[in-house]
Amino acid sequence: DNLMQTLTTDQKSRLAEFQITKAIASMSTPVKLSNDQIKRVKTNWPKSDDLEAGPPACAEAVQQVLTTEQKTTIAKYRAMEFVKAAFGAAKLTDDQLKQAELIVTELTKDLSVKPEDLHKTLTTKVDAILGPEQQEVMKKLWPGSGGNPTGWGQPSVSPGNQGKASKETDKN
């Protein structure tokens, strides 16, 4: 806050422009937008005084300029990042990562699927390619969810039945 008070109007404007440009790049990773696309996004970018618009409006501004191919590339990238993060402890082999990429490619063909539904299906399918040792690692990491990082498709887990779900899973 103190820094902002010391900046000139021009510096504040350049800082805001820099922050918007970085946010656009982050929301479109790994795709590189054309200069025309960036200009169009900035035209639709919510104004700084529109606090209610927030991140969804910013994401929508980016989505409006993407081609279908770019949207698919971004969806695949995000899905693989999810797999790597969710199953990192299982230490997927190169072959399993290739299998996961094929699964991701298939699942990201339909861009209308909600991210949470994509993650649910993706988690189930990647879980199915894990070896027994990897499944044990995941069960220890995610007790009460059967080793499933999202808990989808597993016994209901809440603070009141955490132990029950873990015991049910341990029996299997």
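What you see is a predicted model; the values in this text were computed from it and never measured. (Residues numbered from 1 in each chain as written. Predicted model: local features only at pLDDT ≥ 70, side-chain atom pairs only at ≥ 80, totals over all residues. Heavy atoms only, no water.)

1. A word on the side chain of Thr72
Here Thr72 shows up in helix 5 (residues 68-86). The contact partners of Thr72, leaving out residues within four places of it in the chain, are Thr108 and Leu111. (Helix = DSSP H or I, 4+ residues; strand = E, 2+ residues; numbered from the N terminus. Contact = heavy atoms within 4.5 Å.)

2. A few points about unusual backbone geometry
Only a minority of non-glycine residues have a phi that is not negative, and only a minority of peptide bonds are not trans. Residues Thr29 and Pro30 are joined by a peptide bond in cis, for which omega reads 10°. Within the fold, Pro30 resides in the loop between helix 2 (9-27) and helix 3 (35-44). A positive phi angle, close to 50°, is found at Lys91, a residue other than glycine.

3. Things to note about the side chain of Gln96
Summarising the element assignment, Gln96 is placed in helix 6 (residues 94-107). A distance of 2.9 Å separates a polar atom in the side chain of Gln96 from the backbone nitrogen of Thr93. The contacts of Gln96, once residues within four sequence positions are left out, are Lys91, Ile129, Leu130, Gly131 and Gln134. (Polar contact = N/O pair within 3.5 Å; in protein donor to acceptor, adjacent residues only side chain to side chain.)

4. Observations regarding the confidence of the model for the protein
Mean pLDDT over the protein works out to 82, with 78% of the residues at or above the 70 mark. Between the elements of the protein, mean pLDDT differs from a low of 39, seen in helix 9 (residues 162-171), to a high of 96, seen in helix 6. Segment residues 152-172: pLDDT under 50, and 25 contacts once partners within four positions in sequence are set aside and those in other chains are kept. (pLDDT = per-residue confidence, 0-100.)

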